[in-house]
Amino acid sequence: MSEPQEMSEPHATSEPHEMTDEELHELAAKQVAMGEVRGAPASDPVNVPMIRHWLTAMGDANPAYLERGLAPPAMAQVWTMPGLRSTAKDRSPVDDLMAALNANGYTGVVATNCEQTYHRYARVGERLVPATRFTDLVGPKRTALGVGFFATWTITWYSEEEPVAEMLFRVLKFRPVTGRENEERAAYPLRPAVNQDTAFFWDGVRDGELRIQTCADCGELRHPPGPMCPQCRSANRTHTVARGIGTLYSYVVHHHPPVPGRDTPFVVGVVELPEGVRMVGNVVDCPIEEVGAGMPLRVTYRQMDDRLVLPMWAPREP
């Protein structure tokens, strides 16, 4: 997931310097007191071509959006993202705090929560305006990635004065471990969330099986796993074992920010399985410049530490 864009902020800032934990919390309190700060309107209004591209990328065949001139709710952030080549730099209540945390050595970042609330559909022709409010700073906390602070803020998208959607976003800003400290920590730092919905999948990975959740009533396959069948709403579930092959549907090459336990750049792909579902995973054993959409892949299992095995994808002969 991409990190939310930053919004306009009228006050001037000074060069960040090293601060105590108490000073960081004082700065956070000032950012909270600023309340909601509006940014610049979206460069483009909600439009049909972008909606069509989104539906194609997401595999969403619901015709209601284009027929009724509505945008999928999850697109809220799309309309106000600045783009890779944007030179504009709007400021928000988040900027000064992120700069202060970086100056204090908390340069690592990983998103921990992203919760979206939808008030209504955005309509074709509307030009949305984002507004940011900083809500909380918690820490320092010792985590598997290192000591860090959890920072939380909320972005609300407005059409004129009416809220359309909002997103709570939380990140962990941590001090990356290096050198001898890193050598002493044998456990792979990034671990999947395992719960009653996903345990069967990770049990299968440990046994060298790629399992797909299946509705025990109507037979619908689904991934990622969930508590209820989206087709018939049944909570009865089982699984099937996939063949372990697929084709690369789409991919990104991750360069920045640094990821604990991984050397950048690396490829994250969406793999389409012949069983009819798609999975996200790393593409390995292939030069990055040779990676391309449509390439045939096979699953491979990598032992990350004494306990964790991750499924990844490597090239295969057609």
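Scroll up for the structure.
The model shown is predicted, which means the values in this text are computed figures rather than measured ones.

Engineer: How would you explain the nonpolar core if you had to name every residue and give the values?
Structural biologist: Core analysis: the biggest nonpolar cluster contains 34 residues, and L24, I51, F134, L137 and W153 have the highest contact counts within it. Put simply, the parts of the chain that give this core at least two residues each are helix 1 (21–33), helix 2 (48–58), helix 4 (95–103), strand 3 (129–142), strand 4 (147–159) and strand 5 (162–174). Apart from the residues lying within four places of it in its own chain, the contact partners of I51 are V46, Y65, L66, L70, A71, P72, M75, W79 and V124. Within the second largest apolar cluster, 27 residues are counted, among which are F200, V291, L308 and L310.

Engineer: So what's going on with the packing of aromatic side chains? Residues and values would help.
Structural biologist: If you walk through the whole model with that rule in mind, you get 4 aromatic pairs. Look at Y65 and Y121: their rings are 6.3 Å apart centre to centre, the planes differ by 65°, and that puts the pair in the edge-to-face class. In this pair, Y65 sits in helix 3 (residues 64–68) while Y121 sits in the loop between strand 2 (108–118) and strand 3, placing the two residues 56 residues apart along the sequence. Seen in terms of ring centroids, F201 and W202 are 5.1 Å apart; in terms of plane orientation they differ by 90°. Their pairing is edge-to-face. Residue F201 shares its accessibility class with W202, and that shared class is buried. Sitting over the ring of Y158, R38 keeps its end group 4.0 Å from the ring centre. One Lys or Arg, R278, reaches over the ring of Y249 and ends 3.6 Å from the middle of that ring.

Engineer: Help me get a handle on the sheet that holds strand 6 (residues 211–215), residues and values and all.
Structural biologist: In spatial order, the strands read 7-6-8; together these 3 strands make up an open sheet with antiparallel pairing. Since the sheet does not close on itself, it has two edges, and those belong to strand 7 (221–222) and strand 8 (237–241), each with one partner. Pairing of strand 6 with strand 8 involves 5 bridges; the strand directions are antiparallel. Within strand 8, the residue paired with T214 across the bridge is T238.

Engineer: Talk me through the sheet that holds strand 5; I want residue IDs and the actual numbers.
Structural biologist: The sheet built from 5 strands is open, its strands ordered 1-3-4-5-2 with antiparallel pairing. At either end of the open sheet lies a strand with only one pairing partner, and these are strand 1 (37–38) and strand 2. Note: strand 2 against strand 5, 10 bridges, orientation antiparallel. Among the inter-strand pairings, A111 is bridged to a residue of strand 5, identified as V171. The sheet contacts of helix 1 involve strand 3 and strand 4, and relative to strand 3 the element is tilted by about 160°.

Engineer: Explain the packing of helix 1 against helix 4 residue by residue, including any values.
Structural biologist: It is the contact of helix 1 with helix 4, at a shortest axis distance of 9 Å, that shows an interaxial angle of 170°. One finds that helix 1 runs roughly antiparallel with respect to helix 4. Judged by the sense of rotation from one axis to the other, the crossing of helix 1 with helix 4 is left-handed. Of the residues in helix 4, those touching helix 1 at L24, L27, A28 and Q31 are D96, L97, A100 and L101.

Engineer: Account for empty space enclosed by the protein, with residues named and values stated.
Structural biologist: Summed over the entire model, instances satisfying the criterion amount to 1 cavity of 30 Å³ or more. Quantified by volume, the largest cavity comes out at close to 50 Å³. Every residue along the wall of the largest cavity is listed here: A71, P72, P73, M75, A76, W79, R120, Y121, A122, L128, V164 and A165. By residue class, the composition of the lining of the largest cavity is 11 nonpolar, no polar and 1 charged.

Engineer: Please set out the pairing of strand 10 (residues 266–272) residue by residue, giving values where relevant.
Structural biologist: In summary, the side chains of a regular strand alternate between the two faces of the sheet. As defined by bridge partners, strand 9 (residues 245–254) adjoins strand 10 across 7 bridges and the pair is classed as antiparallel. Opposite V252, over in strand 10, you have V268 as the bridge partner. Here strand 10 pairs with strand 11 (residues 278–283) via 6 bridges, running antiparallel. Residue pairing in the sheet places V267 in a bridge with V283 of strand 11.

Engineer: Before we move on, can you summarise unusual backbone geometry with the specific residues and values?
Structural biologist: Here the amide bond leading from G139 into P140 is cis, since omega sits at 0°, within 30 degrees of zero. Within the fold, P140 resides in strand 3. H256 connects to P257 through a cis peptide bond whose omega is 5°. Along the chain, the position of P257 falls in the loop between strand 9 and strand 10. Positive phi outside glycine occurs at R233, with the angle close to 70°. Despite not being glycine, D285 shows a phi value in the positive range, around 60°.

Each value, and the rule that gives it
Residues numbered from 1 in each chain as written. Predicted model: local features only at pLDDT ≥ 70, side-chain atom pairs only at ≥ 80, totals over all residues. Heavy atoms only, no water. Core = buried A, V, L, I, M, F, W, Y, C linked by side-chain atoms within 4.5 Å. Buried < 20%, exposed > 50% of the residue type's maximum accessible area, 1.4 Å probe, protein only. Helix = DSSP H or I, 4+ residues; strand = E, 2+ residues; numbered from the N terminus. Contact = heavy atoms within 4.5 Å. Phe/Tyr/Trp six-rings, centres within 6.5 Å; stacked < 30°, edge-to-face > 60°. Lys NZ or Arg CZ within 6 Å of the ring centre and 35° of its normal. Pairing = 2+ DSSP bridges. Axes fitted to C-alpha atoms, helices over the stretch in contact; angles between N-to-C directions. Parallel < 35°, antiparallel > 145°, perpendicular 65-115°, else oblique. Left-handed = near helix turned anticlockwise from the far one by under 90°. 1 Å grid on protein atoms, 1.4 Å probe; cavity = no way out; pocket = protein on both sides within 12 Å on 5 of 7 lines; lining within 4 Å. Points joined across faces, edges and corners; volume = space filled by probe spheres on them. Nonpolar A, V, L, I, M, F, W, Y, C, P; charged D, E, K, R; others polar.

All quantities given are derived from atomic positions and should not be read as evidence of function.
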